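What follows is each chain in one-letter form.
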Amino acid sequence: NAGVTQTPKFRILKIGQSMTLQCTQDMNHNYMYWYRQDPGMGLKLIYYSVGAGITDKGEVPNGYNVSRSTTEDFPLRLELAAPSQTSVYFCASRAGVGRGEETQYFGPGTRLLVL
Amino acid sequence: AQSVSQHNHHVILSEAASLELGCNYSYGGTVNLFWYVQYPGQHLQLLLKYFSGDPLVKGIKGFEAEFIKSKFSFNLRKPSVQWSDTAEYFCAVMKYSGGGADGLTFGKGTHLIIQP
């Protein structure tokens, strides 16, 4: 299993540009999450999904959109990039809701710089 | 909203020293507790977790943590650190809502540097 994979690893955007951060997991996990990590801060939840076709907002969703058309993929879309979105983005997945299935597995991250 | 506090943002130790990193959370209900580690240039990896049962949990690489419910704490310990333990350590909490998809609430992290 590759686990959770993310592309690209690093990207520079100009203000106002758009891009999609890709996330794929091969563990057949129902739950997927997007977090951002700012310097000196912990990770903050942007969006999450409980299965294909179902998504919901997390703590900091403004400026982002997501979709979940398949179990494997959970892309994060930035429509109008702003300097405040400079961050490292982590995707994570989790098997289910049973006790013992709450562990989230993280991807390697995408480092985004908006200039 | 729940919050997670990690007491030390930067810790510098010598090899073989003992380690304790503090973590407190604010949620009063049932929680799942995690410690993740992020080695330089790598992604987050799970060190250990607590769901229920014995409040002293053991993880990988000799780490352990103790859940003290009355203190809302989940401190991470290691009796003797190694240079390879240099990393960022994150405490994380998830409310257990028996069916919810709640994400993790993270502390700000502790940057641990081990001097040879």
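Report on the accompanying structure. Small disclaimer: the values here were computed from a predicted structure and weren't measured.

### What about the overall build of chain B?
Move 1: If you tally the helices and strands in chain B, you get zero helices and 12 strands.
Move 2: Sequence-ordered secondary structure for chain B, helices as α and strands as β, is β-β-β-β-β-β-β-β-β-β-β-β.
Move 3: Its C-alpha atoms give chain B principal-axis dimensions of roughly 45 × 30 × 20 Å.
Move 4: Counting the 116 residues in chain B, one finds 45% classified as buried.
Move 5: If you take every contact in chain B between residues at least 6 apart in sequence, the share linking residues at least 24 apart comes to 56%.
Move 6: Summed over all atoms, the accessible surface of chain B reaches about 5,400 Å², with 51% contributed by carbon and sulfur.
Move 7: Averaging the coordinates of the 9 positive side-chain charges in chain B and doing the same for the 8 negative ones gives two points 5 Å apart.

### Points about the layout of surface pockets
Move 1: Its volume calculated, the largest pocket comes out at about 620 Å³.
Move 2: Elements supplying a minimum of two residues to the lining of the largest pocket: strand 9 (87–94) and strand 11 (110–114) of chain A together with strand 10 (87–95) of chain B.
Move 3: For the lining of the largest pocket, the element with the most residues is strand 11 of chain A, which contributes four residues.
Move 4: Tallied by class, the residues present in the lining of the largest pocket amount to 12 nonpolar, 14 polar and five charged.

### What about the nonpolar core?
Among soluble globular proteins, nonpolar side chains are generally buried collectively.
Move 1: Residues Leu33, Trp35, Leu47, Leu48, Phe74, Leu76 and Tyr89 of chain B are the most contacted members of the largest nonpolar core, which totals 28 residues.
Move 2: When near neighbours in sequence (up to four residues on either side) are disregarded, Leu76 of chain B contacts Leu19, Glu20, Leu21, Trp35, Leu47, Leu48, Phe63, Glu64, Ala65 and Tyr89 of chain B.

### Examining the packing of aromatic side chains
When we look at a pair of aromatic rings, we describe it by the centre distance and by the angle of the planes.
Move 1: Evaluation of the coordinates by the stated rule reveals 14 aromatic pairs over all chains.
Move 2: Pairing Phe34 of chain B with Phe51 of chain B gives two aromatic rings, centres 5.8 Å apart and planes at 70 degrees, and the pair type is edge-to-face. Taken as a pair, Phe34 of chain B in strand 5 (residues 31–38) and Phe51 of chain B in the loop between strand 6 (45–50) and strand 7 (56–58) lie far apart in primary sequence, 17 residues in all. For the pair Phe34 of chain B and Phe51 of chain B, a shared accessibility class is recorded, and that class is buried.
Move 3: One aromatic cluster is present, built from ring pairs that chain together Tyr33, Tyr35, Tyr48 and Phe106 of chain A together with Phe34, Tyr36, Phe51, Phe90 and Phe106 of chain B.
Move 4: Positioned above the aromatic ring of Phe74 of chain A, the side-chain terminus of Arg68 of chain A is 6.0 Å from the ring centre.
Move 5: Above the ring of Tyr31 of chain A, the side-chain terminus of Arg94 of chain A is found at 4.6 Å from the ring centroid.

Calculation notes
Residues numbered from 1 in each chain as written. Chains lettered and ligands numbered in written order. Predicted model: local features only at pLDDT ≥ 70, side-chain atom pairs only at ≥ 80, totals over all residues. Heavy atoms only, no water. Helix = DSSP H or I, 4+ residues; strand = E, 2+ residues; numbered from the N terminus. Buried < 20%, exposed > 50% of the residue type's maximum accessible area, 1.4 Å probe, protein only. Contact = heavy atoms within 4.5 Å. Areas by Shrake-Rupley, 256 points an atom, 1.4 Å probe, with all protein chains shown as cover. Lys, Arg positive; Asp, Glu negative; His and termini not counted. Charge placed at Lys NZ, Arg CZ, Asp CG, Glu CD. 1 Å grid on protein atoms, 1.4 Å probe; cavity = no way out; pocket = protein on both sides within 12 Å on 5 of 7 lines; lining within 4 Å. Points joined across faces, edges and corners; volume = space filled by probe spheres on them. Nonpolar A, V, L, I, M, F, W, Y, C, P; charged D, E, K, R; others polar. Core = buried A, V, L, I, M, F, W, Y, C linked by side-chain atoms within 4.5 Å. Phe/Tyr/Trp six-rings, centres within 6.5 Å; stacked < 30°, edge-to-face > 60°. Lys NZ or Arg CZ within 6 Å of the ring centre and 35° of its normal.

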